[in-house]
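Residues per chain are reported as follows:
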Amino acid sequence: MEGMRKRKRGESEEEAAGGKKPAVAAPAAGDADYRTGSRDGGDLRYVVAIAYDGGAFRGFQKQNAAQEAVCSSVSHAVEKAVAGATGARGDEVRVGPYSRTDAGTHARYNACLVSLTRAFAERIGGGRLDVAGMDTLMATAALNDAVESPSALRVLHAARVPAGTFIHGIRPKAKRYCYTIIHRPEAMTEEAASALAADLDPYSYAVKLRQRYMPMATLKVQEMAACVAMLVGRNDFREYQKPPAKGAVFREVFSARLLPVARSEAAYVLPASEPPTTFEAAFIDKVIDPAAVRAEHAAAADAAGDFAAALAAAPILCFEIAGTGFLRCMVRKLAYAIMDVGRGDMAVEDFAATLKGRHAVRWCAPAKALVLDAMWWGVQGRSAEEEAAAAELDDPE
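Being a predicted model, the structure only gives us computed values, none of them experimental.

(A) Region of the structure containing the pairing of strand β11 (residues 370-376). Of all seven residues making up β11, seven are buried, and the element is well covered by its neighbours. As paired elements, strand β3 (residues 106-116) and β11 share two bridges and run parallel to each other. Within β11, the residue paired with H106 across the bridge is V371.

Structure representation (structure tokens):
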């Protein structure tokens, strides 16, 4: 037939000839596909914010039964807490991570999507969907009471996703990570530095002179701070992905700084649970303004007086970075490269070249000193399309 293009699979001849495809009726309001954008049959969903000591878990992602029996994942621990609080069986509860941290990485704030099957909710409600009853079972206090290792995992808050919410649109749009570094300032003895490193070992990385049993290094902190300042903005982080990407991989960092840390603030401590609140207040309304953050950091540096001297004298340093679309192991590789600059093993110019894909970064710092510190569900000054695109790029630590 003249003017007719090749038919696509499932397309009629009339449609291929230019006729309009018949309109498809929208599913009824009760259909899960229409309301939630998923195919889970009308499950009840809760976004649960958690904090955990990463040293007690085998990463976030759920492993096979044999591995879980040796050391639980964070996902499996949350699943067991939900099952213990609600009475759900293993096939009636699912946990989906928003940020899959590696084994050893800690979190002061992470979140996951917990789905409970509609059949289970109706079974608990005596044949009807008792939403209020499920909210009581999924309350923050009830979940914390069911956690098997309260010293390693804590539920900060939990909130039910309202009916009609598009599930795939609920994603964190920005995150902040902190990496704790210990070195030996010039005024500090080797014995004191080693004792401090041993005391904070589970939650920090002690920088040695390359070999494991060599003396503690005295880092060039001003050069390190200059490298950290280069990260702000849009750069090519292909070398900071594991494994490195073959082409350019641009990411946006809107805040990065090197801070002196007091001894009392260096050790990881589980934060306290937050008061009950609504889903919108707990997650959707939690946004960040990059310009305000940069202004706040500048004001804090000015208020500190001689910030450079304070940084040089501090044995405990924190590399803090916030942005969108983090790559796998990106923060840990950045931390190692910055420490290489501090040791004198990499020039500042070479570090700048890594941000253009012109210098290789081979090593990755240990996960035990990394903390997922904060998470935001929106970025001020961005359109919804820009936020969604940034979230799709995220491949976290």
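Alright, that's what it looks like, and here's the rest.
(B) Representation of the state of the cysteines. In total, this model carries zero disulfides according to the counting rule given. Here C329 stays free of any disulfide, with the sulfur of C364 as its closest cysteine sulfur at 4.2 Å. Using a relative accessible area of 1% as the deciding quantity, one classes C329 as buried.

(C) Inspection of unusual backbone geometry at higher detail. Here the amide bond leading from K242 into P243 is cis, since omega sits at -5 degrees, within 30 degrees of zero. Here P243 lies in the loop between β7 (233-236) and β8 (250-260). For C329, which is not glycine, the phi torsion reads 65 degrees and is therefore positive. Tracing the sequence through the fold places C329 in the loop between β10 (316-324) and α14 (330-343).

(D) Inspection of the pattern of salt bridges at higher detail. Within the structure shown, the criterion is met by 15 salt bridges. With its nearest N and O atoms 3.4 Å apart, the salt bridge here joins R343 to D345. Its relative accessible area of 13% is what places R343 among the buried residues. Given a relative accessible area of 41%, D345 falls into the partly exposed group.

(E) Up close: the environment of K208. Here K208 is to be found in the loop between β6 (205-206) and α9 (221-230). Residue K208 is classed as partly exposed on the basis of its relative accessible area, which comes to 24%. Put simply, K208 and I182 are 26 residues apart on the chain and 9.3 Å apart in space, counted from C-alpha to C-alpha.

(F) How the structure looks around α14. Along its 14 residues, α14 runs 20 Å from first to last C-alpha, staying within 8% of the 20 Å computed at 1.5 Å per residue. For α14, the buried fraction is high: 14 of the 14 residues fall into the buried class. Just downstream of α14, G344 is the residue with a positive phi angle, here 95 degrees.

(G) Structural detail: the environment of A139. Among the structural elements, A139 can be located in the loop between α6 (131-137) and α7 (140-146). A relative accessible area of 30% places A139 in the partly exposed class.

(H) Focus on the environment of A337. Tracing the backbone through its elements, the reader meets A337 in helix α14. For A337, a relative accessible area of 1% puts it in the buried group. Taking the C-alpha atoms as reference points, A337 and A347, separated by 10 residues in sequence, lie 10.0 Å from one another. Setting aside residues up to four positions removed in sequence, A337 forms contacts with Y240, M346, F351 and V361.

(I) Quick peek at helix α8 (residues 190-199). Inspection of α8 places A193, L196 and A197 among the buried residues, and these make up the whole buried set. Taken down its axis, α8 places every buried residue within 100 degrees of arc, on the same side. Opposite the buried face of α8, at more than 90 degrees from it, the exposed residues are E191 and A198. At its buried positions, α8 is contacted by β5 (174-182), β6, α10 (263-266) and β10.

(J) Local environment of the confidence of the model for the chain. The pLDDT averaged across the chain works out to 81; a share of 81% of its residues lies at or above 70. When the criterion is pLDDT under 50, residues 20-40 qualifies, and its contacts beyond four places in sequence or with other chains add up to 29 contacts.

(K) Region of interest: the nonpolar core. One finds V47, V48, Y179, L231, F319, I321 and F351 to be the most contacted residues of the largest nonpolar core, which totals 92 residues. The element best represented in this core is α14, accounting for nine residues. Those residues in contact with F351, other than ones at most four positions away along the chain, are C227, M230, L231, Y240, L334, A337, I338, V341 and M346. Counting residues in each nonpolar core, the second largest holds 14 residues, with C178, M188, L200 and I316 among its members.

Calculation notes
- Residues numbered from 1 in each chain as written.
- Predicted model: local features only at pLDDT ≥ 70, side-chain atom pairs only at ≥ 80, totals over all residues.
- Heavy atoms only, no water.
- Buried < 20%, exposed > 50% of the residue type's maximum accessible area, 1.4 Å probe, protein only.
- Helix = DSSP H or I, 4+ residues; strand = E, 2+ residues; numbered from the N terminus.
- Pairing = 2+ DSSP bridges.
- Disulfide = S-S within 2.5 Å.
- Salt bridge = Lys/Arg side-chain N within 4 Å of Asp/Glu carboxyl O.
- Expected span 1.5 Å × (residues − 1).
- Contact = heavy atoms within 4.5 Å.
- Arc of directions from axis to C-beta.
- pLDDT = per-residue confidence, 0-100.
- Core = buried A, V, L, I, M, F, W, Y, C linked by side-chain atoms within 4.5 Å.

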